[in-house]
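Spelled out, the chains give:
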Amino acid sequence: MEKVIFYGYSKCSTCRKASNWLDQNNINYIFLDMVKEPPSKKFLELALIQFSLDKKKIFNTRGKSFKAIDFDILDLEKKKIIELLSNDGKLIKRPFLIINESKLILGFNEFEYATNFK
């Protein structure tokens, strides 16, 4: 059985769609509110590795927190990105789903979920 950690935000409609899909497909998961408890540095580092070609994918670019940033995140070093994301869960793309502590899915795409939970 896969271990799934679901970082989400209760007011996020995309997170609700993702959790509904997981529930309908009988996928057990641990839900953590990413605003109160952002992903660990270990998982943020995993995200930076997995999305190294486009670091911006890790960020919730539509949110108020991101829009308030007055510098280019692509110019930041890994350590600074992790610090930023650790301090403000609303900066992180959601849902932020971790499978077996080794694979990460950002956002919700039904096909991607179905592919990863065969």
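Structure first, text after, so check above.
A quick note: this is a predicted structure, and the numbers were derived from the prediction, not measured. (Residues numbered from 1 in each chain as written. Predicted model: local features only at pLDDT ≥ 70, side-chain atom pairs only at ≥ 80, totals over all residues. Heavy atoms only, no water.)

**Student:** Even after reading the chapter, I still don't get the overall build of the chain, so can you show me in this structure?
**Tutor:** Secondary structure assignment for the chain yields five helices and four strands. Beginning at the N terminus, the succession of helices and strands in the chain can be written as β-α-β-α-α-α-β-β-α. A globule of 118 residues ought to have a C-alpha radius of gyration of about 13 Å, and the chain, at 14 Å, matches this closely. Seen through its C-alpha atoms, the chain measures out along the principal axes to roughly 40 × 25 × 25 Å. The buried share of the chain, taken over its 118 residues, is 43%. Partitioning the contacts of the chain with sequence separation of at least 6, the portion at a separation of at least 24 is 65%. For the chain, the accessible surface area stands at approximately 7,200 Å², while carbon and sulfur atoms represent 48% of it. (Helix = DSSP H or I, 4+ residues; strand = E, 2+ residues; numbered from the N terminus. Rg over C-alpha atoms; globule rule 2.2 N^0.38 Å. Buried < 20%, exposed > 50% of the residue type's maximum accessible area, 1.4 Å probe, protein only. Contact = heavy atoms within 4.5 Å. Areas by Shrake-Rupley, 256 points an atom, 1.4 Å probe, with all protein chains shown as cover.)

**Student:** Would you take a moment to explain the packing of aromatic side chains for this structure?
**Tutor:** Note on aromatic pairs: each is described by the distance of the centres and the angle between the planes. Under the defined criterion, the tally for this structure stands at eight aromatic pairs. Ring geometry for Phe6 and Phe31: centres 5.4 Å apart, planes at 40°, overall tilted. Residue Phe6 is located in strand β1 (residues 4-8), and its partner Phe31 is located in strand β2 (residues 30-33); the two are separated by 25 residues in the primary sequence. We classify Phe31 as partly exposed; its relative accessible area is 39%. Here Tyr7 and Phe96 contribute two aromatic rings whose centre-to-centre distance is 5.9 Å and whose plane-to-plane angle is 80°, an arrangement assigned as edge-to-face. One end of the pair, Tyr7, is in strand β1; the other, Phe96, is in strand β3 (residues 96-99), and 89 residues separate them in sequence. (Phe/Tyr/Trp six-rings, centres within 6.5 Å; stacked < 30°, edge-to-face > 60°.)

**Student:** Teacher, can you tell me more about the sheet that holds strand β4 (residues 103-106) here?
**Tutor:** Backbone hydrogen bonds hold the strands of a sheet together, and the pairing may be parallel or antiparallel. Within the open sheet, the four strands sit side by side as β2-β1-β3-β4. Their pairing is mixed. Of all the strands in the sheet, the pair left with one neighbour each is β2 and β4. Strand-to-strand twist across the sheet, computed as the mean angle between neighbouring axes with direction ignored, equals 20°. Pairing between β1 and β2: four bridges, direction parallel. Paired with Ile5 across the strands is Ile30, a residue of β2. (Pairing = 2+ DSSP bridges. Axes fitted to C-alpha atoms, helices over the stretch in contact; angles between N-to-C directions.)

**Student:** What is the right way to look at the pattern of salt bridges in this model?
**Tutor:** One side chain can pair with another of opposite charge once the charged atoms of both are near each other. For the structure shown, the criterion picks out three salt bridges. One salt bridge in this structure joins Lys80 and Glu83, with 3.6 Å as the shortest N-O distance. With Lys80 and Glu83 both in helix α4 (residues 78-87) and three residues apart, this pair spans about one turn of that helix. Judged by its relative accessible area of 35%, Lys80 is partly exposed. Since its relative accessible area comes to 39%, Glu83 is described here as partly exposed. (Salt bridge = Lys/Arg side-chain N within 4 Å of Asp/Glu carboxyl O.)

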